[in-house]
Structures are given as structure tokens and as C-alpha cells.
Amino acid sequence: MLLQACVATGPAEEPTAQPAAPSYVPLANATAKQRFSEALTLLARGEPTAARAELTLYLDQQPGSRVARDLLRQIDTPASQYFPPDYEEVTLGSGDSLSSLSKQYLGSVYKFHALAKYNGITEPQRIRQGQKIRVPLTDSARRAFA
């Protein structure tokens, strides 16, 4: 009787085919500089999985790169764990970018991806003047706001 409750009562539905997600093919025969540049472009376009592929190959070429390791950490770590919960809001001005805010408040232009995640921005290059951005209050940000 208990098993009877688990039996489907309506007509069986055919599973719908989901389109395959396009897979990223890393640059062929790229230099370390080309890979790093491509990874940054991919992150700015909101493609962290593809950026991860380029950064991993970049680290094969440049294993000591702290910036690349931090970018991978930004991709893999939830923003709530990467940054503290407290923040100040800033309004984007003309010419501002997440990279420029990252440099000014977080001490590195390369923290733009984590800043985007912190703000729920999936495509960092698509921000607009007047948009409010939450800047996490890291030690660097606290000094910049002071």
C-alpha cells in the first residue's frame, strides 16, 4: 500500500531534450600573455567557466602567478566567503568600471570579478553610469573610504 502512493497516476511525460551547453575550446598555441588576456576578456563577458580553462592553462605556463590563482579563487568562491558582508555603496560615474572601483577600493584591478559576483552582476562589462555598486568593506576599502 505504501508503494502504491509512489506510482505515477498520469500519463508518462517524455523528457525534453535540453540543448547542450556550448563548450569552450581554449586558445591553441597561445602564449601566457594571450591566455591571461583572454581569461580577463572572458570574465568581463561573464564567462567564468571558459576563463577558468584559460587560467588553468596559463598557470601551466606561469605556475607562480598569484594573480591567476586569485582569479581562480574568485571564480570558485562564493562572494559571501571571498568578501566581508559589510559594505558601502558607490554610484558609478562616467568612465567608471568594476576594475577601476576594484583598484580604488580593493587594491587590485583584478578583483573585478569578485566585485561583480558580490553585486549579482553576471556580465561585468555591462554596467552603466548611475548604477549603485556595493563595495565590501575590506581593510583596503575602509582606508579608501576614510
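Enquirer: I would appreciate a short explanation of the overall build of the protein in the present structure.
Expert: Helices and strands together make up the secondary structure of the protein, namely seven helices and two strands. Each helix and strand of the protein, placed in order from N terminus to C terminus, yields the pattern α-α-α-α-β-α-α-β-α. The buried share of the protein, reckoned over its 146 residues, is 34%. Relative to all contacts within the protein whose residues are 6 or more apart in sequence, the contacts with residues 24 or more apart total 62%. Accessible surface, the protein as shown: approximately 9600 Å² in total, 52% of it carbon and sulfur.

Enquirer: Can you help me understand the environment of L59 in this one?
Expert: Structurally, L59 can be placed in helix α2 (residues 48–61). When its relative accessible area of 8% is taken as the criterion, L59 is described as buried. Each C-alpha atom, one on L59 and one on F36, is 9.3 Å from the other, the two residues being 23 residues apart in sequence. Apart from the residues within four sequence positions on either side, L59 is in contact with S65, A68, R69 and L72.

Enquirer: Which parts of the structure should I look at to understand α2?
Expert: In an α-helix, one full turn covers 3.6 residues, which means residues spaced three or four apart are oriented alike. For α2, with 14 residues, the first-to-last C-alpha span of 20 Å sits near the 20 Å given by 1.5 Å per residue. Here α2 has its buried residues at A50, A51, E54, L55, Y58 and L59. Looking at the buried side of α2, the elements it contacts are α1 (32–44) and α3 (66–76).

Enquirer: How should I be thinking about the nonpolar core in this particular structure?
Expert: Considering soluble globular proteins, one finds that nonpolar side chains tend to be buried as a cluster. Of all hydrophobic cores here, the largest spans 34 residues; its most connected members are L55, L98, L101, Y105, L106 and I133. Going through the elements one at a time, α1, α2, α3, α4 (79–82), α5 (98–106), α6 (112–118) and β2 (132–136) are the ones with two or more residues in this core. Those residues in contact with I133, other than ones at most four positions away along the chain, are E88, E89, V90, L92, L98, L101, L115, N119 and I121.

Enquirer: What should I look at first to understand the pattern of salt bridges in this one?
Expert: If charged atoms from side chains of opposite charge come close, those side chains can pair. Considering all chains together, one arrives at seven salt bridges under this definition. Between E54 and R35 there is a salt bridge; the shortest N-O distance is 2.7 Å. With a gap of 19 residues between them, E54 in helix α2 and R35 in helix α1 connect regions that are remote in the sequence. Since its relative accessible area comes to 8%, R35 is described here as buried. A salt bridge links R52 to D76; the nearest nitrogen and oxygen atoms lie 2.2 Å apart. Placement of R52 in helix α2 and of D76 in helix α3 is noted, with a sequence separation of 24 residues between them. Of the residues examined, R52 reaches a relative accessible area of 28% and is grouped as partly exposed.

About the cut-offs
- Residues numbered from 1 in each chain as written.
- Predicted model: local features only at pLDDT ≥ 70, side-chain atom pairs only at ≥ 80, totals over all residues.
- Heavy atoms only, no water.
- Helix = DSSP H or I, 4+ residues; strand = E, 2+ residues; numbered from the N terminus.
- Buried < 20%, exposed > 50% of the residue type's maximum accessible area, 1.4 Å probe, protein only.
- Contact = heavy atoms within 4.5 Å.
- Areas by Shrake-Rupley, 256 points an atom, 1.4 Å probe, with all protein chains shown as cover.
- Expected span 1.5 Å × (residues − 1).
- Core = buried A, V, L, I, M, F, W, Y, C linked by side-chain atoms within 4.5 Å.
- Salt bridge = Lys/Arg side-chain N within 4 Å of Asp/Glu carboxyl O.

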